[in-house]
Amino acid sequence: MSAPAPLPAPAPRRRLRVATASLAGCFGCHMSFLDMDERLVGLIDLIVLDRSPLTDIKHPGPCDIALVEGGVCNAENVHVLRELRRAAKVVIALGACAVNGGLPAMRNHRGLEDILRKVYEERPDGGAGIPDDPELPLLTDKVHPLHEVVRVDYFLPGCPPSADAIHKFLTDLAEGRTPRLADALLHFD
Amino acid sequence: MTEIENVVVIDGLRVPFEPGQTILEAALAAGVWIPHLCHHPDFAPHGSCKVCTVVVNGRNGSACTMRALPGQEVASATPEIQERRRTLLQMLFVEGNHFCPGCEKSGNCTLQALAYDAEMLTPRFDHFYPNRRLDGSHPDVLLDLDRCILCELCVRASRDVDGKSVFAVAGRGGDCRIVVNSPTGRLGDTDLAIEDAAAHVCPVGAILPKRVGFSVPIGARVFDAGPISEVSPHLARTEDGR
Ligand code: SF4
Ligand code: SF4
Ligand code: FES
């Protein structure tokens with residue numbers, strides 16, 4: 001009897017298409033993503049970037065993963081988030097603001113009007129008045145974390161999550177594992 | 001007649017106890033970790049947070065209030081019980097305003113450390129974002145009820161240790177809150193002193209001594225050294241120093 005034919009070599013893994021966006025956040029999570037430094041080179045073998053402030057592509061095509069930083073504080077955020085949810089198979093809430101509203105959500109227990117007055121009017125110099133340019137997106141009454149607006153598949157907490165945590169999460173996903181942050185990588189602050 | 005051994009079995013481990021000890025006290029003294037939040041070894045058990053809930057001979061009970069008795073088979077670290085604990089913690093997070101990046105207690109906070117230990121990545125529920133009181137009227141102590149989890153440790157410490165009863169609980173259900181015993185309701189108008197136990201017992205960032213912020217930097221704080229299940233100050237050290 002002839003020896004069994006050798007198994008075919010595994011097909012090269014398809015690179016994951018990743019979109020990223022910053023909603024009501026400070027861009028710290030994107031900076032932390034860039035903090036992966038030389039590991040980005042290895043990551044580029046696993047992922048390819050779609051819509052992202054890093055590529056300057058404005059609208060996502062069909063994606064595997066959307067990494068979304070920041071909470072939802074205005075109508076434009078809602079729009080961008082829904083577009084990403086439609087485009088991506090997996091949505092990851094990246095960082096404290098996306099996970100629980102973060103520091104922007106500290107405005108939630110004061111009225112929106114009260115906040116606007118305090119910031120723009122009640123100042124020693126009288127302030128310049130509350131901005132009302134029609135180009136400005138309408139503010140939501142409260143700042144919301146992503147999961148209160150769309151379905152979210154994974155949450156990656158931290159303010160920002162460390163480069164190590166983002167790297168672990170993405171490589172776990174790209175290599176087909178359930179992402180897991182061990183104690184040292186899990187931080188809410 | 002054979003002596004009945006003072007031993008409970010927790011997750012298959014034989015844990016000896018002194019008569020009168022609770023299951024939690026016996027476990028911690030033996031270096032066996034059961035997560036807990038409203039329990040503190042210096043104060044009478046309270047049994048309010050339910051994080052320490054275990055299954056004893058098939059029934060649920062709070063390990064911090066149940067006396068240890070011979071013949072008890074206790075389940076604690078099972079996936080089902082851990083999942084229930086995670087759900088409890090998620091409810092505590094959304095019931096308050098827990099913005100850890102802006103909280104001085106971060107890294108020293110028991111609620112946060114328990115959430116890390118339970119691998120809580122998400123608040124899961126919709127947030128309440130309650131409108132709670134911030135009281136900065138005391139010269140040495142800040143009261144920020146946004147982060148209060150109603151463990152009543154401050155109530156117990158002030159009443160039983162300081163003999164002052166500065167704090168009390170008022171209201172029911174979602175209206176339940178900590179109130180301050182002074183004619184104005186302000187902390188600055190009580191006889192709370194910075195030396196009082198009540199000023200230092202809060203497991204979260206609701207009662208904070210003023211002017212000591214960041215004296216220990218983030219990264220060098222109690223629970224930065226390791227998971228609370230290993231570094232809890234309530235846990236007896238094992239022989240290898242852990
Ligand atoms: S009290 Fe604890 S859980 Fe709440 S915000 Fe502060 S560090 Fe986070
Ligand atoms: S203020 Fe702190 S110690 Fe007092 S009940 Fe709230 S969480 Fe517990
Ligand atoms: S520690 Fe037992 S109920 Fe809170």
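So, how was this worked out
Residues numbered from 1 in each chain as written. Chains lettered and ligands numbered in written order. Predicted model: local features only at pLDDT ≥ 70, side-chain atom pairs only at ≥ 80, totals over all residues. Heavy atoms only, no water. UniProt positions renumbered as here; feature names shortened; annotations may be inferred. Helix = DSSP H or I, 4+ residues; strand = E, 2+ residues; numbered from the N terminus. Near = heavy atom within 4 Å. Nonpolar A, V, L, I, M, F, W, Y, C, P; charged D, E, K, R; others polar. Pairing = 2+ DSSP bridges. Axes fitted to C-alpha atoms, helices over the stretch in contact; angles between N-to-C directions. Contact = heavy atoms within 4.5 Å. Buried area = accessible area lost by both parts, 1.4 Å probe. Salt bridge = Lys/Arg side-chain N within 4 Å of Asp/Glu carboxyl O. 1 Å grid on protein atoms, 1.4 Å probe; cavity = no way out; pocket = protein on both sides within 12 Å on 5 of 7 lines; lining within 4 Å. Points joined across faces, edges and corners; volume = space filled by probe spheres on them. Core = buried A, V, L, I, M, F, W, Y, C linked by side-chain atoms within 4.5 Å. Buried < 20%, exposed > 50% of the residue type's maximum accessible area, 1.4 Å probe, protein only.

The name given to chain B in an unreviewed UniProt entry is [NiFe] hydrogenase diaphorase moiety small subunit, and the organism recorded there is Oharaeibacter diazotrophicus. As stated in UniProt under Cofactor (unreviewed entry), the record for chain B gives "[4Fe-4S] cluster". UniProt, in the comment section headed Sequence similarities (unreviewed entry), describes chain B in these words: "Belongs to the complex I 75 kDa subunit family."

Going by an unreviewed UniProt entry, chain A carries the name NAD-reducing hydrogenase small subunit and comes from Oharaeibacter diazotrophicus. Turning to chain A, the UniProt annotation filed under Cofactor (unreviewed entry) states: "[3Fe-4S] cluster".

Q: Teacher, can you tell me more about the UniProt feature "domain: NADH:ubiquinone oxidoreductase-like 20kDa subunit" (unreviewed entry) in chain A here?
A: The UniProt record marks residues 26-172 of chain A with the feature "domain: NADH:ubiquinone oxidoreductase-like 20kDa subunit" (unreviewed entry), using the residue numbering of this structure. Summarising residues 26-172 of chain A: 33% helix, 20% strand, and an end-to-end C-alpha distance of 26 Å.

Q: Honestly, the site of ligand 2 in this entry has me stumped. Any pointers?
A: Taken together, Cys148, Ile149, Leu150, Cys151, Glu152, Cys154, Ile178, Cys202, Pro203, Val204, Ala206 and Ile207 of chain B make up the full set of residues adjacent to ligand 2. In the shell around ligand 2, the residues fall into 11 nonpolar, no polar and one charged.

Q: Any chance you could explain the sheet that holds strand β1 (residues 16-22) of chain A here in plain terms?
A: Backbone-to-backbone hydrogen bonds join strands into a sheet, with any given pair of strands oriented parallel or antiparallel. All names here are of chain A. Within the open sheet, the five strands sit side by side as β2-β1-β3-β5-β7. Their pairing is parallel. For this open sheet the edge positions go to β2 (47-49) and β7 (154-156), each flanked by a neighbour on one side alone. The average angle at which neighbouring strand axes cross in this sheet is 30 degrees, direction not considered. In terms of strand pairing, strand β3 (residues 63-69) meets strand β5 (residues 88-94) through six bridges, oriented parallel. Within β5, the residue paired with Ile65 across the bridge is Val90.

Q: How do you make sense of unusual backbone geometry when you look at a structure like this?
A: Backbone phi values are negative for most residues with the exception of glycine, while trans is the configuration of most peptide bonds. Here the bond from Cys159 of chain A into Pro160 of chain A is cis, since omega is -10 degrees, no more than 30 degrees from zero. Among the secondary structure elements, Pro160 of chain A is positioned in the loop between β7 and α6 (163-174). Non-glycine residue Leu150 of chain B carries a positive phi angle of around 60 degrees. Within the secondary structure, Leu150 of chain B sits in the loop between β7 (141-144) and α4 (153-161). Backbone geometry places Glu152 of chain B, a non-glycine residue, at a positive phi of 65 degrees. Tracing the backbone shows Glu152 of chain B in the loop between β7 and α4.

Q: Mind showing me how you'd approach the interface of chain A and chain B here?
A: How large an interface is tends to be reported as the accessible area lost when its parts come together. Facing 25 residues of chain A, the contacting portion of chain B comprises 28 residues. Summing the contributions of chain A and of chain B, the shared interface buries around 2200 Å²; its carbon and sulfur component is 61%. Residue Glu119 of chain B pairs with Arg180 of chain A through a salt bridge whose shortest N-O separation is 2.6 Å. If you list the elements that add at least two residues to the side of chain A that touches chain B, you get α4 (96-100) and β6 (139-144) of chain A. Sort the elements by how many residues they give to the side of chain A that touches chain B and α4 of chain A lands first, with three residues.

Q: Mind showing me how you'd approach empty space enclosed by the protein here?
A: It is the rolling of a water-molecule-sized probe over the atoms that shows where space remains empty. Under the defined criterion, the tally for this structure stands at five cavities of 30 Å³ or more. Of the pockets and cavities examined, the largest cavity occupies roughly 190 Å³. For the largest cavity, the lining is made up of 19 residues, of which Val99, Asn100 and Phe188 of chain A together with Phe93 and His98 of chain B are closest to its centre. Ranked by residues supplied to the lining of the largest cavity, first place goes to α4 of chain A with three residues. Grouping the constituent residues of the lining of the largest cavity by class yields 12 nonpolar, seven polar and no charged.

Q: What is the right way to look at the nonpolar core in this model?
A: A general tendency of soluble globular proteins is for nonpolar side chains to be buried together. Counting 86 residues, the largest nonpolar core has Ile65 of chain A together with Ile10, Ile34, Leu111 and Phe167 of chain B as its most contacted members. For this core, the leading source of residues is α6 of chain A, giving seven residues. Beyond its immediate sequence surroundings of up to four residues, Ile34 of chain B is in contact with Ile10, Ile23, Leu24, Ala27, Leu28, Cys52, Val54, Ala63, Ser76 and Arg85 of chain B. Core analysis: the next-biggest nonpolar cluster, separate from the first, contains 20 residues, Ala21, Cys63, Leu81 and Leu146 of chain A among them.

Q: What am I meant to see in the environment of Val99 of chain A here?
A: Relative to the elements of secondary structure, Val99 of chain A occurs in helix α4. Owing to a relative accessible area of 6%, Val99 of chain A belongs among the buried residues under this scheme. Expressed as a C-alpha distance, the spacing of Val99 of chain A and Ala21 of chain A, which sit 78 residues apart in the sequence, is 14 Å. Among residues more than four places away in sequence, those in contact with Val99 of chain A are Ala93, Pro145, His147, Phe155, Leu156 and Pro157 of chain A together with Leu121, Thr122, Pro123 and His127 of chain B.

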